[in-house]
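Here is how the chains run, residue by residue.
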Amino acid sequence: MNVLNFVNAFFSDSAHWHGYDGIPTRLGEHVQYTLEALAVAAAIGLPIGLVTGHYGRGGNTLAMISTAGRALPSFGLLVLMFIWLGFGMTPVMIPLVVLAVPPILVTTYEAMRSVDPSPVDAARGMGMHEAKILFQVELPVALPLILSGLRSAAIQIVSTATIAAYVSLGGLGRYIVDGLYQHNYEKVVGGATLVALMALATLGLFWAVARVAVSAGVRRSH
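### Quick look at the overall build of the protein
Consideration 1: Each helix and strand in the protein was counted, giving 10 helices and zero strands.
Consideration 2: When its helices and strands are written in sequence order, the protein yields α-α-α-α-α-α-α-α-α-α.
Consideration 3: In terms of overall dimensions, the protein has a C-alpha envelope of 65 × 40 × 25 Å along the principal axes.
Consideration 4: In the protein, which comprises 222 residues, the share counted as buried stands at 44%.

Okay, here's the thing in structure tokens:
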């Protein structure tokens, strides 16, 4: 039985479309994990990246933090947090946030540093406050790259949130973990397909956000 047959069998089975283990329920859980982790990671990475990028300081430190964060194995960190903190969402959120902060942090910093210094210097010469320079001059130009960092983080979270199933939580990873345990490869392939489709939907969502949030002039320059 090939992969396409597994996919067709999974999605055509009505039992997979309702109940606590149905696709809508598992998809909703996966979206919840993704949004919560991305929100926490953005709350950490965006302010630090914006401020350090605005003043042009701390780039090497951010690079080291980013490298360290990416080097940590998400599954190993999940197991460690589960042993330390016990059952719950916190042991899942920590590795997802650790995974998502580096691309947001580094890309935001680089986005701010890539802004043409001429309008920034002109704004300072006019006596504009630093906060206004950051949000009114630099941020609109840096926004496409900042969104790319958020997009990268979101895709990584979507792909990695499947680890929640290893500590008995839900999400699309439930199909993969349960399918492997039951030797039900239809369920494994179906779960992996749903994760891939969610990642593609995330790409489409960020493309739409960029079309709305980024001015046409800035889009053309990028």
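Text resumes after the structure shown.
### Looking at a nonpolar patch on the surface
Consideration 1: A cluster of nonpolar side chains, namely L27, V31 and L35, defines an oily patch on the protein surface of about 230 Å² accessible area.
Consideration 2: With respect to the element layout, L35 can be found in helix α2 (residues 23–55).

### Here's the deal with the packing of aromatic side chains
Consideration 1: Tallied over the full model, the rule gives three aromatic pairs.
Consideration 2: Centre to centre, the rings of F10 and F11 are 5.1 Å apart; their planes meet at 90 degrees, and the pair counts as edge-to-face.
Consideration 3: Taking relative accessible area as the criterion, F10 reaches 0% and is therefore assigned buried.
Consideration 4: With a centroid separation of 5.3 Å and an interplanar angle of 80 degrees, the aromatic rings of F10 and Y175 are classed as edge-to-face.

### So, the nonpolar core
Consideration 1: In this structure, L38, V92, L96, I104 and L150 are the most contacted members of the largest nonpolar core, which totals 40 residues.
Consideration 2: Mapped by element, the contributors of at least two residues to this core are α2, α5 (90–113), α6 (117–125) and α7 (130–160).
Consideration 3: Not counting residues within four places of it along the chain, the set of residues in contact with L150 comprises L38, A42, L46, I104 and F206.
Consideration 4: Counting nine residues, the second-largest nonpolar core is a separate cluster that includes I23, Y175, L194 and V195.

### A look at helix α9 (residues 185–213)
Each turn of an α-helix holds 3.6 residues, which means side chains three or four residues apart point in the same direction.
Consideration 1: Given a rise of 1.5 Å per residue, 29 residues ought to cover 42 Å, and the 42 Å separating the end C-alpha atoms of α9 matches this to within 8%.
Consideration 2: If you check the start of α9, you find a side-chain oxygen 3.3 Å away from the backbone N of E186, and it comes from N184.

### Notes on the packing of helix α3 (residues 59–71) against α5
Consideration 1: Relative to each other, α3 and α5 sit at 155 degrees, their axes nearing to 8 Å. Taken together, the axes of α3 and α5 are roughly antiparallel relative to one another. Of the two elements, α3 crosses α5, and the hand of that crossing is left-handed. Of the residues in α5, those in contact with G59, L62, I65, S66, G69 and R70 of α3 are V98, P102, P103, L105, V106 and Y109.
Consideration 2: Its residues placed into classes, the contact of α3 with α5 shows eight nonpolar, three polar and one charged.

### A closer look at unusual backbone geometry
Consideration 1: Positive phi is not limited to glycine here, since H183 has a value of about 55 degrees.
Consideration 2: Topologically, H183 is positioned in the loop between α8 (173–182) and α9.
Consideration 3: The exposure class assigned to H183 is exposed, which follows from its relative accessible area of 58%.

### Considerations on the pattern of salt bridges
Consideration 1: The final tally for this structure, using the stated rule, is five salt bridges.
Consideration 2: Note that E130 is salt-bridged to R124, the shortest N-O span being 2.9 Å.
Consideration 3: Overall, the relative accessible area of 35% leaves R124 in the partly exposed class.
Consideration 4: Taken together, the salt bridges that share partners define one network made up of D21, R26, E29 and K187.

### Description of the environment of P91
Consideration 1: Inspection of the secondary structure puts P91 in helix α5.
Consideration 2: P91 sits in the buried class, given a relative accessible area of 2%.
Consideration 3: As for P91 and K132, which are separated by 41 residues in sequence, their C-alpha atoms are 38 Å apart.
Consideration 4: Setting aside residues up to four positions removed in sequence, P91 forms contacts with L78, M81, F82, L85 and G86.

Calculation criteria
- Residues numbered from 1 in each chain as written.
- Predicted model: local features only at pLDDT ≥ 70, side-chain atom pairs only at ≥ 80, totals over all residues.
- Heavy atoms only, no water.
- Helix = DSSP H or I, 4+ residues; strand = E, 2+ residues; numbered from the N terminus.
- Buried < 20%, exposed > 50% of the residue type's maximum accessible area, 1.4 Å probe, protein only.
- Patch = residues over 30% accessible without salt bridge, like charges linked within 9 Å, V, L, I, M, F, W, Y side chains within 5 Å.
- Areas by Shrake-Rupley, 256 points an atom, 1.4 Å probe, with all protein chains shown as cover.
- Salt bridge = Lys/Arg side-chain N within 4 Å of Asp/Glu carboxyl O.
- Phe/Tyr/Trp six-rings, centres within 6.5 Å; stacked < 30°, edge-to-face > 60°.
- Core = buried A, V, L, I, M, F, W, Y, C linked by side-chain atoms within 4.5 Å.
- Contact = heavy atoms within 4.5 Å.
- Expected span 1.5 Å × (residues − 1).
- Polar contact = N/O pair within 3.5 Å; in protein donor to acceptor, adjacent residues only side chain to side chain.
- Axes fitted to C-alpha atoms, helices over the stretch in contact; angles between N-to-C directions.
- Parallel < 35°, antiparallel > 145°, perpendicular 65-115°, else oblique.
- Left-handed = near helix turned anticlockwise from the far one by under 90°.
- Nonpolar A, V, L, I, M, F, W, Y, C, P; charged D, E, K, R; others polar.

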